[in-house]
Amino acid sequence: MRLHTSLKVAAVVAATALLASACSSGGSGDGDGKAAPSGGATPTDPAQKIELTYWTWAPGMDEVVKTWNAEHPNIHVTVNKQDGGDPAVTKLLTAIKAGSGAPDIMQAEYQKIPTLVAADALADISGDLGSDVKGDFSDGTWQSVTLGSDAVYGVPQDSGPMEFYYRADIFEKYGLKVPTTWDEYAQVATELHKKDPTAYLGTFSSGDAGWFAGLTQQAGASWWGVDGDAWSVDIDSAATQKVASFWGKLVEDGVIDNKPMYTPAWNKGLNDGTQVGWISAIWAPGVLSGNAADTQGKWKMAKLPQWNAGDDVTGNWGGSATAVTTQSKYPQYAAEFVTWLNTSAEAAKLLVSKSGLYPASLESQKTALTDPPEFFSNQTDFYTLASQISKTVNPFTYGPNVDVAYSAYNDAFGKATKAKSQQAFLDAVTTMQTTTLGDLKNSGYNVKE
Amino acid sequence: MTTTTVSAPATPSSGRAVPARASGRPAGRSAWGGTAVLLVGAAYCLLPVVWVLMASTKSASELFSSFTLAPSTHLWSNITDLSAYRDGLFWRWMLNTALYAGVGGLLSVLVSAMAGYGLAKFAFRGKSTVFNAILAGVLVPGVVLAIPQYLLLAKVGMTNTYWAVLLPSIISPYGIYLARIYAAAAVPDDVLEAARTDGAKEGRIFFSLAVPMMLPGLVTVFLFQFVAIWNNFMLPYIMLGNDKLFPLTVGLSGLLNQGATQPAMYTSVITGALLSIVPLVALFLTLQRFWQVDLAAGAVKA
């Protein structure tokens, strides 16, 4: 009995050992590649290969980088795909605090740049960039990587001007008119919900603070401000309250859904036509084709409804820059790569086709975006319209504690959407203001009230 | 778990259901009630698995539109899609997970067996202090330790390597605790003394006598640790930046969290989840027989 058992165990052990050695031999090749940057502080060979790591979550980025690597045999970039948004930032900040483990290059969402700069995570690459880089971007976009200073903390990659997406077939079926003002939007929402009680023109998502920030941006809000060397918090401005009260009313009346976006239920709504519209941004075709592939050709894109008839402004939701971290040993080479990635025509074409990004570079918007995205092949002027819209983005300043404000949004508006009351929406704005301001003061920032 | 293994000697033959019937209790209402409770429990545990199985056969659009538990025909194409993702990165994650869980589990068993045996069979100064410290360690969830471990490994430059996940997995306070309890119960002092009288060295006694006697307990420790590492998310998530080193848990989470501007890869994640439990199920089915074998009983009674 004992012999029998120990034989079996020996077999299991042997099998595991085999598996383990198979894995480690697979990993060792990689280990060699990774060893280069740490040993590279004192290059023995002038033609030594520079190794750069790049944290990003944009899909298809390794294919874009493959082109760079083929053309630059001495500067090799390795893509490490990360969880999108907040998790990657948290991980980067931990690595910065620990003193090692951060990549050379990092995808940084615009709203996170002040946080990262405050934590001393991003290198100032103004000295490593060509003088022509700035001219490639709109002033508003460039401001978000400089934070209004002389330093440059990254090169803008993509942007997310907001638009209104709607199901053209359902609009036609019920004879609805595409809203151009928010008043009309409310009317259409009411009319649609009356004609089909299961259908909604949209949803107020308590899970997407960036979306709400973009809507208030359109209304003229700017949640943070810089005054000399002091920060200010202006979340409960008249503009934010106007937006909150508008949506609070619609949710209270029950003509707009109160479920968060990006949930299975919401995806189901996109598929079965009960979500008839989506206030989103330029990258929406990618999400729609991923989550509701069968609705291809049924959607159309229009300008965001306006607060005053005749206005032409929008907000921004999403988009990011590519930054160099303070732990990089080769900031000048990293900056060279970042410039190529975000300003060259070659990379722009790849970013559009492989990663589905809307380039922030004005030149790339003209050259790389000619045909409409496949999902919107029915709307031939898609990118012509998009480029008009992208010029109308209102300015907006992000502060160093965006994460606090955003989680306050999730909490406060999570309750408000459940309560379905307009007053709760207004209270949620006040809660956000108090929480964000209090945190900024407690963190030791110079705060002006 | 210990109680199951220790009580096993009562039925040296393989049948577990036999003693219940042999005890001659009337199989009346109480048996029906028990069966019903067990059936509900089984349904509660199996329903999510059934869901994963059904959902992984659906195409992306069916996932949100067709009936939840209705199967479809896209399992194979889902698996091919997942395998094609970034040149088969998923399978690399699978191998990584096997490496972390397999090697980590074995090393953990070795350390636990040695520590548990030492604590159970030797008298030395500070023994109870050491044991109490380990007991306290059982109460500290591993998640809490992930950040300090990261900072420590960052100091020696070992984050973002296989070691970053393997090293912290080796010490398992619960495994040591279990091994100590099991060694105390399964390894008789008489046998050890007899071996010493015959002139065996301590190392030989441990590996040739104690380890075989402790085997069922060690298999338990291995399974626990294997499953714990297999399912661990927080530690590799914090430690690793290179996605080629990711285990399944972290890799699949990345497919879901693509950021608001990109569609989440639901079907790939669900198919990946299904494939990731297959090795676990296989491992349990092959190793569970060790729980029914009790070598300690043979050592003394035979």
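Throughout this description, residue numbers start from 1 for each chain and increase along the sequence as written. Labels are handed out in written order, letters beginning with A for the chains and numbers beginning with 1 for the ligands. Local features in this predicted model are restricted to residues whose pLDDT is 70 or higher, and side-chain atom pairs enter the listing and the counts only when it is 80 or higher, whereas totals over whole chains, interfaces and linings include all residues.

## A look at the overall build of chain B
A count of helical and extended segments in chain B gives 16 helices and 0 strands. Once C-beta atoms are placed from the backbone, each residue is buried if 20 or more other C-beta atoms lie within 10 Å of its own, exposed if 12 or fewer, and partly exposed for counts between those two. The buried share among the 302 residues of chain B stands at 37%. In chain B, once contacts between residues fewer than 6 apart in sequence are set aside, the share between residues at least 24 apart is 76%. Each helix is a run of H or I in the DSSP string that is no shorter than four residues. Each strand is a run of E no shorter than two, and both are numbered from the N terminus. Whether two residues are in contact is decided by their C-beta atoms, placed from the backbone, lying within 7 Å.

## Observations concerning the domain arrangement of chain A
All names here are of chain A. One can read the domain layout of chain A as domain 1 (47-159 + 318-374) and domain 2 (162-317 + 377-442). Domain borders in the structure are assigned automatically or taken from a domain database. Once you take the C-alpha centre of each, domain 1 and domain 2 turn out to be 27 Å apart. Those elements giving two or more residues to the side of domain 1 that touches domain 2 turn out to be helix 4 (113-118) and strand 9 (316-324). Taken together, the residues of the side of domain 1 that touches domain 2 break down into 7 nonpolar, 9 polar and 3 charged. Just so you know the grouping, Ala, Val, Leu, Ile, Met, Phe, Trp, Tyr, Cys and Pro go in nonpolar, Asp, Glu, Lys and Arg go in charged, and all remaining residues, Gly too, go in polar.

## Section: helix 13 (residues 345-355) of chain A
Residues and elements named next belong to chain A. Within helix 13, the full set of buried residues consists of Ala347, Ala348, Leu350, Leu351, Val352 and Ser355. In this fold, the buried residues of helix 13 make contact with helix 2 (61-71), helix 12 (331-343) and helix 14 (362-368). Taken from the residues just after helix 13, glycine 356 is the one with a positive phi, measuring 65°.

## Considering the environment of glutamine 143 of chain A
All names here are of chain A. One can find glutamine 143 in helix 5 (residues 139-146). With 16 C-beta atoms packed within 10 Å, glutamine 143 lands in the partly exposed category. C-alpha separation for the pair glutamine 143 and leucine 92, spaced 51 residues apart in sequence, amounts to 23 Å.

## Focus on the UniProt feature "transmembrane region" (unreviewed entry) in chain B
Residue and element names in this part refer to chain B. UniProt positions are given in the numbering used here, feature names are shortened, and annotations may be inferred rather than shown by experiment. Mapped onto this numbering, the UniProt entry gives "transmembrane region" (unreviewed entry) at residues 31-54, 98-119, 131-151, 163-185, 205-230 and 264-285. Across residues 98-119, the secondary structure splits into 100% helix and 0% strand, with the terminal C-alpha atoms separated by 30 Å. This span, residues 264-285, is 91% helix and 0% strand, and a straight line between its end C-alpha atoms measures 33 Å.

## Some details on the confidence of the model for chain A
Taken over all residues, the pLDDT of chain A has a mean of 87, while the share at 70 or more is 90%. Residue-level confidence of the predictor, termed pLDDT, takes values from 0 up to 100. Predicted confidence is poor over residues 1-44 of chain A, with pLDDT under 50, and the contacts of this stretch with residues over four places away or in other chains come to 36 contacts.

## So, the pairing of strand 9 of chain A
Residue and element names in this part refer to chain A. In terms of burial, strand 9 is a largely internal element, 9 of the 9 residues being buried. Think of it this way: DSSP has to see at least two bridges between two strands before they count as a pair. Taken together, the 5 bridges between strand 3 (residues 105-109) and strand 9 define a ladder with antiparallel strand orientation. From the neighbouring strand, alanine 108 faces strand 9, where its bridge partner is alanine 321. Relative to strand 9, strand 4 (residues 155-167) runs antiparallel, the two being bridged by 5 bridges. Across the sheet, residue valine 155 finds its bridge partner in strand 9, namely threonine 322.

## Considering the nonpolar core
Nonpolar side chains tend toward joint burial in soluble globular proteins. Note on terminology: a nonpolar core is any set of buried Ala, Val, Leu, Ile, Met, Phe, Trp, Tyr and Cys residues joined through C-beta atoms within 7 Å. Ala189, Trp247, Ile256, Phe337 and Ala428 of chain A are the most contacted members of the largest nonpolar core, which has 127 residues in total. It is helix 16 (residues 402-419) of chain A that provides the largest number of residues to this core, a total of 8 residues. Formed jointly, this core draws a minimum of three residues from each of two domains, domain 1 (47-159 + 318-374) and domain 2 (162-317 + 377-442) of chain A. Among the nonpolar cores identified, the runner-up in size contains 58 residues, and Tyr177, Phe222, Leu255 and Phe290 of chain B belong to it.

## A word on the pairing of strand 7 (residues 277-281) of chain A
Regular strands place side chains that alternate from one sheet face to the opposite one. All names here are of chain A. Most of strand 7 is tucked away: 5 of the 5 residues are buried. Residues Gly277, Ile279 and Ala281 point to one face of strand 7 and Trp278 and Ser280 to the other, with burial holding for every one of them. Relative to strand 7, strand 4 runs antiparallel, the two sharing 5 bridges. The residue bridging phenylalanine 164 from the neighbouring strand is isoleucine 279, located in strand 7.

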